[in-house]
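If you want the building blocks of each chain, they are given just below.
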Amino acid sequence: MIEAKELRVSYGKRRALDGVSFSLREGEMLFVIGPNGSGKTTLLKSLARVLRAEGAIYVDGKSAFEFSRDEYAKMVGYVPQRGEISHLTVFDAVLLGRKPHFKWRAEKEDFRIVEKVLEILNLNGLATKKLNELSGGEFQRVMIARALAQQPKILLLDEPTNNLDINNQVAFMKLLKRIIKKEKISAIITTHDLNIASNYADRIVMMKSGKIYASGGIEILTEENIKAVYGVEVDVIKLNGKVIILPK
Ligand code: ADP
């Protein structure tokens, strides 16, 4: 579905990504974890083609740079961290997700898809509200709605559960998982919350200083790896088939 080979990005002299390779299959959720500054956002921006990384990215077997911008947007939906405060309405923000699909203006089909996505994400009642009037949880749902309206095969989500309380985090992750499995899309999600990753990840990439320190299933969430990457002592507790990470 998506494959990255030896990605490298530097900001001036500073190397932010240093030879990152991985691949992801259809219907999988990959969590990218690591401390601040380890390169998670840079990796996502590279995959979204917001940044031009050295190395190769393949989407469905084709080099990412062979796609036109619109063609790529049909394949890959990118949800950056909250930052844009906007006076757009929820409906218009989600309709913008359809932009790669229409030539001059939105058609009936685009409106139909927007309405369907708003319904799936339970945003119908908020369609005419402005983005800057939404709570953190609502705003996150709108950003996902916009990415889904794009009908991509791959979703890139940068810290989607930041600023959500625990209740909204759980609701959000469950919803996301259901959509990903149902629509058979893949998702790459950055987080610094190890327990979210341990709960929902099919696969995990653990970053340290721009490199992949470890990758695999949740079995890589060991006390040793976490100490090496985050510099903190934790207990990794197995409970009912789940893994819980507690600072010591
Ligand atoms: P993370 O998302 O894991 O916190 P980032 O990808 O944001 O990490 O950053 C990786 C490294 O690149 C950090 O050292 C950060 O300071 C640096 N960096 C990120 N963005 C820029 C930028 N626009 N200009 C210069 N340095 C940057």
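This one's a predicted model, so the numbers in the text were calculated from it and none came from an experiment. Position labels on residues start from 1 in each chain and follow its written sequence. Local features in this predicted model are restricted to residues of pLDDT 70 or higher, and side-chain atom pairs are both shown and tallied only at a pLDDT of 80 or more, whereas totals for entire chains, interfaces and linings draw on every residue. Excluded from the side-chain calculation are hydrogens and water; included are all heavy atoms of the structure.

Draft legend 1. Representation of unusual backbone geometry in the model. The phi torsion at arginine 49 lies on the positive side, around 65 degrees, for a residue other than glycine. We count a stretch as a helix when DSSP gives it H or I for four or more residues in a row; a strand needs E for two or more, and each element gets its number in order from the N terminus. Its place among the elements puts arginine 49 in the loop between helix H1 (40-47) and strand S4 (54-59). In this structure, asparagine 122 is a non-glycine residue whose phi angle is positive, near 60 degrees. Among the structural elements, asparagine 122 can be located in the loop between helix H4 (108-120) and helix H5 (136-149). Overall, asparagine 122 belongs to the exposed group, its relative accessible area being 61%. Using a 1.4 Å probe on the protein chains alone, a residue whose accessible area is under 20% of its type maximum counts as buried, one over 50% counts as exposed, and one in between counts as partly exposed.

Draft legend 2. Region of the structure containing the packing of aromatic side chains. Only centres within 6.5 Å qualify two rings of Phe, Tyr or Trp (six-membered ring in Trp) as a pair; their planes then separate them into stacked at under 30 degrees, edge-to-face at over 60, and tilted for everything else. With the rule as written, the count across this model stands at two aromatic pairs. Ring centres 6.1 Å apart and planes at 15 degrees place the aromatic pair phenylalanine 91 and phenylalanine 111 in the stacked group. Of this pair, phenylalanine 91 sits in helix H3 (residues 90-96) while phenylalanine 111 is found in helix H4, placing the two residues 20 residues apart along the sequence. Among the residues examined, phenylalanine 91 registers a relative accessible area of 19% and is labelled buried. On the basis of relative accessibility, which here comes to 34%, the residue phenylalanine 111 falls in the partly exposed class. In this structure, arginine 49 packs its charged tip against the face of tyrosine 72, placed 4.8 Å from the ring centre. If you follow arginine 52 out to its NZ or CZ, it ends over the ring of phenylalanine 65, 3.5 Å from the centre. Charge-over-ring placement is defined geometrically: NZ (Lys) or CZ (Arg) within 6 Å of the ring centre, and within 35 degrees of the ring normal.

In short, shape yes, function no, at least from these values alone.
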